[in-house]
Amino acid sequence: MPHKKGKGHIHLLALRFSAMGDVAMTVPVLHALTTQHPEVRVIVASRAAFKPFFDGLPNVSFHAADLSGSHKGFFGILRLYKELKALHIYAVADLHNVLRTKIITKLFAWRGKKTAILNKMRDAQKRLTATVNKDFSPVTPIVYRHADVFAALGFPVVLNESAVLPKPALPNELKDIAGPNDTIRIGIAPFAQHKGKVYPTDLMQQVIGALAAKPSTRLYLFGGNKHEAHQLKKMAAERLNIEVVAGGRFTLKQELQLIANLNVMLSMDSANGHMAAMYGVPVITLWGATHPYAGFVPYNQPLSNSITADREKYPLLPTSVYGNKVVPGYEDAMRTITPQMVLNKIDEVLLS
C-alpha cells in the first residue's frame, strides 16, 4: 500500500466519542489491528475520560475531544478537525457514525483521504425489536463491524482471543482490597443507563448475599455517581468482604486494573462487562428489555454467559436496543431470571 508517512508508519484516525461501553469495545479491535499490522499507528479521538482504555495499547495514541468545551458545536468540530489534520492522517475510521464524526470524516474525504464508516445496522435492529413482524435474528456484533471499517480501509483484522489485553499487575494501592492471591474476586455491576436493563434490586441482593457467604470470596460492587455509590453501600450491608467501587473512590485507570484481576464479572448489558472483556475476564451478562442478538455482547464471551429474560413468557423481547423502551406489561421481565440461575452460572464459570 503506497504511503508517505514518516518512518514508514501509516497513521489511521479512529473516531469514537461515546458511550463508554461502545468505546471499550473498540479496544480489542485496535489491539488486533496494531498487532497484525505493525506498520499502523492509530490515533483515537474520543472524550478525555476514556483515555485510560487505550493506555495499554502499543502503537495507539489518544487525542482528547472536548465536546462540552473547545470542541462544542459546529465550529468546535471544525477546530477539532484542524487539530487532527495536523497529525498527518492517512485514513479515517469512523467507528461512531453520528453527526460529529460524519462531519470530520467528510472533511478528510474532501482532502482526498480514504475513509470508512461504521454500519449501525439500524434496519436489522428495528426488525429485531419490532412488536409486529419481529425478526428474531442476531445482528452482526459491533466488534466485527468495527473490524469491517478497518478492512474497508485496506487493513483486515482477525478477531480472536489474542486480541484481549494482558492483565496489568495490581498496584500497591489496590492490593489491600484485592486480598491474598487465592481470593476469588467477583465483580458485580448492577446498574445500567436505562431501567429496562437493570436486574431487580431485591433479586440482586439475594445474589450478593449468597456470594458473600462463600469462603475466600471478595465482591466488588461497581457503579458510577454518588447516588449509585449510596445504593451499593446499602447492598453491601457493611460486610467486610464487599468493596464498593463507585462515587469517585478510584480513578478509571485503577478500576480497570482491579477489573482485569477479577475471576468473573457479573454485569448488566452495560459498560463494565465490556471493560472486563477487554482483559479476557469471564463476563456473565443479564438481559431484560435488550438481548445479546442486538450485537452488544462483551467481546469473545460465549453466548451461554448471557442470561436472558424468558421469551416464552415475554415473546416481544427484545423491545429495545438500548433498554429505553419497555412494552407495558413487560416491566417484570427480568424477574424470570432467578437468583439461583445467576449463582449457578457463576459457579459454572469459576469451575471451568
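Residues numbered from 1 in each chain as written. Predicted model: local features only at pLDDT ≥ 70, side-chain atom pairs only at ≥ 80, totals over all residues. Heavy atoms only, no water.

Caption draft 1: Region of the structure containing the overall build of the protein chain. In terms of regular secondary structure, the protein chain is built from twelve helices and eleven strands. In terms of overall dimensions, the protein chain is globule-like: its C-alpha atoms have a radius of gyration of 21 Å, near the 20 Å expected for 352 residues. By principal-axis analysis of the C-alpha atoms, the protein chain measures approximately 60 × 55 × 40 Å. By residue count, 55% of the 352 residues in the protein chain fall in the buried class. Sequence separation of at least 24 residues holds for 65% of the intrachain contacts in the protein chain that already meet a minimum separation of 6. Carbon and sulfur atoms make up 53% of the accessible area of the protein chain, which totals about 15,800 Å². A gap of 10 Å separates the mean positions of the 41 positive and 25 negative side-chain charges of the protein chain. (Helix = DSSP H or I, 4+ residues; strand = E, 2+ residues; numbered from the N terminus. Rg over C-alpha atoms; globule rule 2.2 N^0.38 Å. Buried < 20%, exposed > 50% of the residue type's maximum accessible area, 1.4 Å probe, protein only. Contact = heavy atoms within 4.5 Å. Areas by Shrake-Rupley, 256 points an atom, 1.4 Å probe, with all protein chains shown as cover. Lys, Arg positive; Asp, Glu negative; His and termini not counted. Charge placed at Lys NZ, Arg CZ, Asp CG, Glu CD.)

Caption draft 2: The environment of glycine 179, seen in detail. Checked against the element boundaries, glycine 179 lands in the loop between helix H7 (172-178) and strand S6 (184-189). Overall, glycine 179 belongs to the buried group, its relative accessible area being 17%. With 103 residues separating them along the chain, glycine 179 and proline 282 place their C-alpha atoms 20 Å apart. Every residue in contact with glycine 179, bar those within four places of it in the chain, is listed here: Arg185 and Arg218.

Caption draft 3: Spatial organisation of the sheet that holds strand S8 (residues 242-245). Taken together, six strands build an open sheet; the order of strands is S8-S7-S6-S9-S10-S11 and the sheet is parallel. Two strands lie at the open edges of the sheet, namely S8 and strand S11 (306-308), each paired on one side alone. Strand-to-strand, the axes of this sheet are offset by a mean angle of 15°, without reference to chain direction. Examined bridge by bridge, S6 and strand S7 (residues 217-222) share five bridges and lie parallel to one another. Looking at the pairing, isoleucine 186 lines up with leucine 219 of S7. Packed on one face of the sheet, helix H9 (residues 226-236) meets S7 and S8 and runs near 175° to S8. Here helix H10 (residues 252-260) sits on the sheet and contacts S7, S8 and strand S9 (264-268); the angle it forms with S7, its principal contact strand, is near 145°. (Pairing = 2+ DSSP bridges. Axes fitted to C-alpha atoms, helices over the stretch in contact; angles between N-to-C directions.)

Caption draft 4: Up close: the pairing of S7. The buried fraction of S7 is high, at five of six residues. Between the parallel pair S6 and S7, the chain is carried across by helix H8 (residues 201-212), and the sense of this crossover is right-handed. Alignment of S7 against S8, held across four bridges, turns out to be parallel. By the bridge assignment, phenylalanine 222 is partnered in S8 with valine 245. Note on the crossover from S7 through H9 to S8: the handedness is right-handed. (Right-handed = clockwise from strand over helix to strand, strands pointing away.)

Caption draft 5: Just the confidence of the model for the protein chain, in detail. When pLDDT is averaged along the protein chain, the result is 94; 98% of the residues meet or exceed 70. With pLDDT under 50 throughout, residues 1-6 is counted as low confidence; its partners more than four residues away or in other chains account for 16 contacts. (pLDDT = per-residue confidence, 0-100.)

Caption draft 6: Quick look at the packing of helix H2 (residues 26-36) against helix H6 (residues 142-152). Contact geometry for H2 and H6: axes closest at 9 Å, N-to-C directions at 40°. Classified by the interaxial angle, the pair formed by H2 and H6 is oblique. For the pair H2 and H6, the crossing hand works out as right-handed. On H6, the residues touching Thr26, Val29, Leu30 and Leu33 of H2 are Val143, His146, Ala147 and Phe150. (Parallel < 35°, antiparallel > 145°, perpendicular 65-115°, else oblique. Left-handed = near helix turned anticlockwise from the far one by under 90°.)

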